[in-house]
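Residue strings, one per chain:
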Amino acid sequence: MRETLRTRLGWLHGWFGYGAGLVLTCIFATGSVAVFNMEITRWMQPEVRLSAPVPPSPPALDAAAHLVAAGQARGVSAFIALPSARSPTLDVLHYNGHEFVGTRLDPATGTVIPARVTAGGGLFYNFHHTLFLGPQAGTIIVNIAGMILLVAIISGVVIHLHALVPDIILLRLSAARLRAWLDAHLLMGVLFLPFMVMMAYTGVLVKADMIVPVAPRPAARSVQVPALPPAPIPDMTRVQLAPLLAQARASLAGQEPGFILFAPQRVSIFAGDASSAFLTRDHADFSLPEGRPLPVDATATSIARTMQLMHGLHYARFAPPGLRWLYFLSGLCGTAVMASGLVLFVMKRRCHAGHRWAHRLADGLNVTVIAGLPASMLAFLEGNRLLPASLTGREDWETGIFFTVWALCASHALFNALRVQAHHAWRVQLGLVGLLGTSLPVLDLLCSPAAFHALPGLHMAVDGMGSVAAIVALYARHRLGRQGA
Amino acid sequence: MTFVLLLALWLGAFMNHAALWPARYGLPAPGPTGQRLARMLRLGLPTGALGLAVGVQGPVTGLLSWFAALSFAGLLAASLLALRGRMANRP
């Protein structure tokens, strides 16, 4: 066969796409779900039944400051997250190495809400950007996968260039199976190209400093500076946060305050991420313990403004609920593009390489990613309802359930695939997704009827997504049964 | 509501696109006037949708909605045409 640019790019698209596609499918699937990370956390804490945010009262802010001070005395660096439309509680949070966890307070009274400890939607968010491999190694792997996605997209566009516009909405359901899968891959790949390019490009850019570290500027003089003794932490229980919040609201020019961070010498009140598409992190600083306003340099260069927009577009925290749903659905369609690519890669090579162990391994990995991951995500949600609310180290148990179920799915898929029984693995795991998805609303209604009654929209949305996943999985299982291996 | 309008405009544009490639999509070939009209609408409807999106929702949210409407209207158009083709092929 004559080597042309298209055949070479076809090889690149296939092999690079498959190698990174296994990881990227997981990244895209968890990223799509992470669009609703705060809503999922609310679903996973049925004890929190506040429906609308109220401005935090002075006693509530004082109670939160007391908790921050108590945390600092224990060596835990916490901050205050103010109530917002997505999370109506007043939260005192700290980073536990994977997620932001902490105490939730009623913003009106300042009383602690006895909510169960949970990994929450933060698990999906953390998995999306670090694969749970730690902030350094994980982010680098995800960033490299993002760059490979851009290469795969460009090579895919060049391969398909001659038919890109004419075939933009071509889908032949009655054609041969391979052709129909290819049509579905191309259809969604082309239609969701703008979304996938935007997410891959902004995703790579916002974490670019992890793979391209900023070169340190050479010091003008090599002077040994003696280490300063740590600054004493002021008594934060004497700081009145309510007047500072009012001043910050006035100085943030139209942006609603979102977070209160504490440093030894000052308190910083940051604008909420929902304020604008530009994730500015504008803030008002006050000295501690007097509460005197400190000067803040709010000028941003054009590069900084561009990066703020890149962050804003990727995290979508500014997005109203409707746009957030579009992000979620587009993310799922992007996941479907990658999943169909994985299936196509194996299908195309089945005739001449189906007997090889590497091909069977690829088949097993496809089952692990496409059916095993949703099963483990649903098991994670169900684990939240089944684990005792007062269990110590609850968030670790939930995370353990997620990874244990996924590992079991992977073992089952690989064991069957290597025995040329991948078809059986598909059927069993799609059935498992169906079972877990249909039982999710039932379990939610049985375990948390009061929360369901208090927040029906939230619970119906999460339970409904589980049910939709179940319907899709059971339909795929039904089709698989009709068509054979 | 704006998104539903954007979706409808993009759906119209895709249907006009399909009409311009009748052999590919199994549609009856339009006459010369129909072709001219379809070509105009294929360009005009998305342009109108872009103006509507940016005008109502602002540049960032508007552009995001416009692209999302492109994607979902394309899926809808492809599904409708595929179902139509399947019905037509039924004995």
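First, a word on what this report is: a plain description of the structure on this page. (Residues numbered from 1 in each chain as written. Chains lettered and ligands numbered in written order. Predicted model: local features only at pLDDT ≥ 70, side-chain atom pairs only at ≥ 80, totals over all residues. Heavy atoms only, no water.)

### Section: helix H3 (residues 58-73) of chain A
Residues and elements named next belong to chain A. Which entries qualify depends on this criterion: For the purposes of this entry, the term helix denotes a DSSP run of H or I that reaches at least four residues, the term strand denotes a run of E that reaches at least two, and both are numbered from the N terminus. The span you would expect from a helix comes to 1.5 Å times its residue count less one. Accessibility here uses a 1.4 Å probe with only protein chains present; expressed as a share of the type maximum, an area under 20% marks a residue as buried, one over 50% as exposed, and anything in between as partly exposed. Contacts are residue-level and defined by heavy atoms, with any inter-residue pair within 4.5 Å sufficient.
With 16 residues, H3 should reach 22 Å at 1.5 Å per residue; the first-to-last C-alpha distance of 22 Å fits that figure. The complete set of buried residues in H3 reads Ala-60, Leu-61, Ala-64, Ala-65, Val-68, Ala-69, Gly-71 and Gln-72. The inward-facing, buried residues of H3 abut strand S1 (79-81), strand S2 (90-95), strand S3 (100-105), helix H9 (241-251) and strand S4 (257-262). Once H3 finishes, Gly-75 follows within two positions and takes phi at roughly 85°, a positive value.

### Remarks on the interface of chain A and chain B
Put simply, an interface is often sized by how much accessible area is lost when its parts join up. Defined as follows: By buried area we mean the combined loss of accessible area, with a 1.4 Å probe, across both parts when two parts are placed together. Every case where a carboxyl oxygen of Asp or Glu lies within 4 Å of a side-chain nitrogen of Lys or Arg is listed as a salt bridge. Here a polar contact is recorded for every N or O atom pair within 3.5 Å, except that within protein the pair must consist of a potential hydrogen donor and a potential acceptor, and residues adjacent in sequence are included only if both atoms are side-chain atoms. Residues are grouped as follows: Ala, Val, Leu, Ile, Met, Phe, Trp, Tyr, Cys and Pro are nonpolar; Asp, Glu, Lys and Arg are charged; every other residue, Gly included, is polar.
Listed as interface residues are 25 residues of chain A and, on the opposing side, 24 residues of chain B. In total, about 2,100 Å² of surface goes out of reach between chain A and chain B, with carbon and sulfur atoms giving 77% of it. Summed over the three residues of chain A that lose the most area to chain B, namely Pro-166, Ile-169 and Leu-191 of chain A, the buried surface amounts to 29% of that side. Linking chain A to chain B there are one salt bridge. Where Arg-24 of chain B meets Asp-167 of chain A, a salt bridge forms, and the shortest distance between an N and an O atom there is 2.4 Å. Inspection of the region where chain A meets chain B yields six residue pairs in polar contact (both at pLDDT 80 or more). It is helix H11 (residues 321-353) of chain A that provides the largest number of residues to the side of chain A that touches chain B, a total of six residues. In the side of chain A that touches chain B, the residues fall into 22 nonpolar, two polar and one charged.

### Overview of the packing of helix H7 (residues 193-206) of chain A against H11 of chain A
All names here are of chain A. As a reminder of what qualifies: Interaxial angle, 0 to 180 degrees, is taken between N-to-C directions of lines fitted to C-alpha atoms, where a helix line uses only the stretch in contact. Oblique is the label for any angle not under 35 degrees, not over 145, and not in the 65 to 115 range, which are roughly parallel, roughly antiparallel and roughly perpendicular in turn.
Close contact between H7 and H11 brings their axes to 10 Å; oriented N to C, the two are set at 95°. In terms of orientation, H7 and H11 fall into the roughly perpendicular class. Every residue of H11 that contacts H7 at Phe-195, Met-196, Met-198 and Met-199 is listed here: Tyr-327, Ser-330, Gly-331, Gly-334, Val-337 and Met-338. Counted by class, the contact of H7 with H11 contains seven nonpolar, three polar and no charged residues.

### Observations concerning the side chain of Asp-106 of chain A
Residues and elements named next belong to chain A. To be explicit about the condition: In this tally Asp and Glu are treated as negative and Lys and Arg as positive; neither His nor the chain ends contributes.
The topology assignment puts Asp-106 in the loop between S3 and helix H4 (122-130). Of the side chains bearing the opposite charge, Arg-49 lies closest to the buried Asp-106, which forms no salt bridge; the N-O distance is 12 Å. Sequence-distant contacts of Asp-106, defined by excluding residues within four places in its chain, comprise Leu-50, Ala-60, Thr-111 and Ile-113.

### Observations concerning the pattern of salt bridges
Residue and element names in this part refer to chain A. The tally for this structure, following the rule as stated, stands at 13 salt bridges over all chains. Note that Glu-39 is salt-bridged to Arg-86, the shortest N-O span being 2.9 Å. Of the two residues, Glu-39 is situated in helix H2 (residues 37-43) and Arg-86 in the loop between S1 and S2; the sequence distance between them amounts to 47 residues. Both residues of the pair, Glu-39 and Arg-86, count as buried. Across the pair Arg-385 and Asp-444 runs a salt bridge whose closest N-O atoms are separated by 2.9 Å. Of this pair, Arg-385 sits in helix H12 (residues 357-386) while Asp-444 sits in helix H14 (residues 422-447), placing them 59 residues apart in sequence. Because the salt bridges share partners, they merge into one network encompassing Arg-172, Arg-179 and Asp-183.

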